[in-house]
Amino acid sequence: MATGWEPRPSDDVEGGEWRPVLDVPPPGPQRRWTVLLRWLLLLPQFVVVVVLSFLAFFVTIAGWFAALVLGRLPDPIASFLGGVLVYQTRVAASAFLLVDRYPPFAFDAPDHPVQIELRATPLNRLAVLFRLILMIPAAIVSNLAQSGWFVIGWVFWLIGIALGRLPEPVYGATAAVVRYRMRFSAYAMMLTPVYPKGLLGDAPGPLAERPASGTRPLVLGTAAKVLVWLFLLLGLAGHVTSSTVTTDSDEHYESRTTAPATR
């Protein structure tokens, strides 16, 4: 497992473009009491993530201007944004019940079980210019998947408490959501030029190839893929319902405020 930012462009696969990789250990035993109190224990981490995300927003804007000129992110900006991304991902992996170990209050934590791998590649200036528009479809998919997970996440939470672990399909579908979220954030921060994909997992590799982690490669079975689609549908249903309720409330309010004027 590796994390960090390689300052020189990679000549790896995909035409020199490296898709960010998430490494999470395979599903294993978790302490039931930490599952029970997981989101309460993570409250301090959520505060740190909010602060870091706020700072990363302004650094990303600076990086956008720099990337338009240079065709890449300056190393200091890339290093900071990469650190924020790995911090966010570790907290997310814990919040989504993928790992039991508490995330550290640090960017660099080589002994932590959750790692991401980033490699610097040149950026297309035109894609950088229109990044805000290009990332909209991926933002919608990521938001729907996460929203859908939280709709039934309490069921996974109860399962984790009862079994002391996540079943394989739940682990796989959840890891797919967390990885897609990480890849979308990396694309939005211009840490990669590769558009996020892989929500339904990876194609199986050669049988002789030994997996590097539980998510490299992330091969989903039928049950896990069904769960991912369920997340998307639940997320969509939640947004439609919320929009309908908001519209009805606004119309009801307008009718009450205009009624006296018509008498």
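Keep in mind that what you see is a predicted model, and the values were worked out from it rather than measured.

Enquirer: Give a description of the overall build of the chain that names residues and reports values.
Expert: Check the secondary structure of the chain and you find nine helices and three strands. Listing every helix and strand of the chain by position from the N terminus yields β-β-α-α-α-α-β-α-α-α-α-α. Of all 263 residues assigned to the chain, the portion counted as buried reaches 44%. Here the analysis covers contacts within the chain between residues at least 6 apart in sequence; of these, 79% occur between residues at least 24 apart. Looking at the chain as shown, the accessible area adds up to about 13,700 Å², and 68% of this sits on carbon and sulfur atoms.

Enquirer: Give me the lowdown on the packing of helix α4 (residues 75-95) against helix α8 (residues 168-188), citing residues and values where you can.
Expert: Packed helices, taken two at a time, are described by the angle between their axes plus the distance between the axes. Running from N to C, α4 and α8 cross one another at 160 degrees; their axes reach a closest spacing of 10 Å. In terms of orientation, α4 and α8 fall into the roughly antiparallel class. Classified by chirality, the crossing of α8 by α4 is right-handed. Facing α4, whose interface residues are L85, Q88, T89, A92 and A93, α8 presents V178, R181, M182, S185 and A186. When its residues are assigned to classes, the contact of α4 with α8 shows six nonpolar, three polar and one charged.

Enquirer: I'd like to hear about the nonpolar core, residue by residue, with values.
Expert: L73, L85, F156, L191 and F231 are the most contacted members of the largest nonpolar core, which has 61 residues in total. Listing elements by their share of this core, those giving two or more residues are α3 (43-70), α4, β3 (115-119), α7 (136-163), α8 and α9 (222-258). The element that contributes the greatest number of residues to this core is α8, accounting for 13 residues.

Enquirer: Report on α8, specifying residues and quantitative values.
Expert: With 21 residues, α8 should cover 30 Å at 1.5 Å per step; its first-to-last C-alpha distance of 30 Å lies within 8% of that length. Of all 21 residues in α8, 18 are buried; the element is thus mostly enclosed. Remark: M190 follows α8 within two positions and exhibits a positive phi of approximately 65 degrees.

Enquirer: Please give an account of the pattern of salt bridges that cites residues and values.
Expert: The tally for this structure, following the rule as stated, stands at seven salt bridges. Between D202 and R179 there is a salt bridge, and its shortest N-O distance comes to 2.8 Å. Here R179 lies in helix α8 and D202 lies in the loop between α8 and α9, a separation of 23 residues in the sequence. Residues participating in the shared-partner salt-bridge network are D23, E117, R119 and R216.

Enquirer: Now, about the packing of aromatic side chains: what can you tell me, with residues and values included?
Expert: What the rule picks out here adds up to 13 aromatic pairs. Ring centres 6.3 Å apart and planes at 80 degrees place the aromatic pair Y87 and F107 in the edge-to-face group. One end of the pair, Y87, is in helix α4; the other, F107, is in the loop between α4 and β3, and 20 residues separate them in sequence. Connected via pairs of aromatic rings, a cluster forms that spans F96, W149, F150, F156 and F231. One cation-aromatic arrangement involves R131 over Y187; the distance from NZ or CZ to the ring centre is 4.0 Å.

Enquirer: Tell me about the confidence of the model for the chain, and please be specific about residues and values.
Expert: When pLDDT is averaged across the chain, the result is 88; 85% of the residues are at 70 or more. Confidence drops under a pLDDT of 50 for residues 1-5, and excluding neighbours within four residues, the segment shows 21 contacts in the predicted structure.

Enquirer: Give me α3: which residues, what numbers.
Expert: Along an α-helix, a turn takes 3.6 residues, which lines up residues three or four apart on a common side. For α3, spanning 28 residues, the distance from its first C-alpha to its last is 39 Å, which sits close to the expected 40 Å at 1.5 Å a residue. Within α3, the full set of buried residues consists of Q45, V49, L52, A56, T60, G63, A66 and A67. Two residues or fewer past α3, G71 is found with a positive phi of approximately 80 degrees.

Conventions and cut-offs
- Residues numbered from 1 in each chain as written.
- Predicted model: local features only at pLDDT ≥ 70, side-chain atom pairs only at ≥ 80, totals over all residues.
- Heavy atoms only, no water.
- Helix = DSSP H or I, 4+ residues; strand = E, 2+ residues; numbered from the N terminus.
- Buried < 20%, exposed > 50% of the residue type's maximum accessible area, 1.4 Å probe, protein only.
- Contact = heavy atoms within 4.5 Å.
- Areas by Shrake-Rupley, 256 points an atom, 1.4 Å probe, with all protein chains shown as cover.
- Axes fitted to C-alpha atoms, helices over the stretch in contact; angles between N-to-C directions.
- Parallel < 35°, antiparallel > 145°, perpendicular 65-115°, else oblique.
- Left-handed = near helix turned anticlockwise from the far one by under 90°.
- Nonpolar A, V, L, I, M, F, W, Y, C, P; charged D, E, K, R; others polar.
- Core = buried A, V, L, I, M, F, W, Y, C linked by side-chain atoms within 4.5 Å.
- Expected span 1.5 Å × (residues − 1).
- Salt bridge = Lys/Arg side-chain N within 4 Å of Asp/Glu carboxyl O.
- Phe/Tyr/Trp six-rings, centres within 6.5 Å; stacked < 30°, edge-to-face > 60°.
- Lys NZ or Arg CZ within 6 Å of the ring centre and 35° of its normal.
- pLDDT = per-residue confidence, 0-100.

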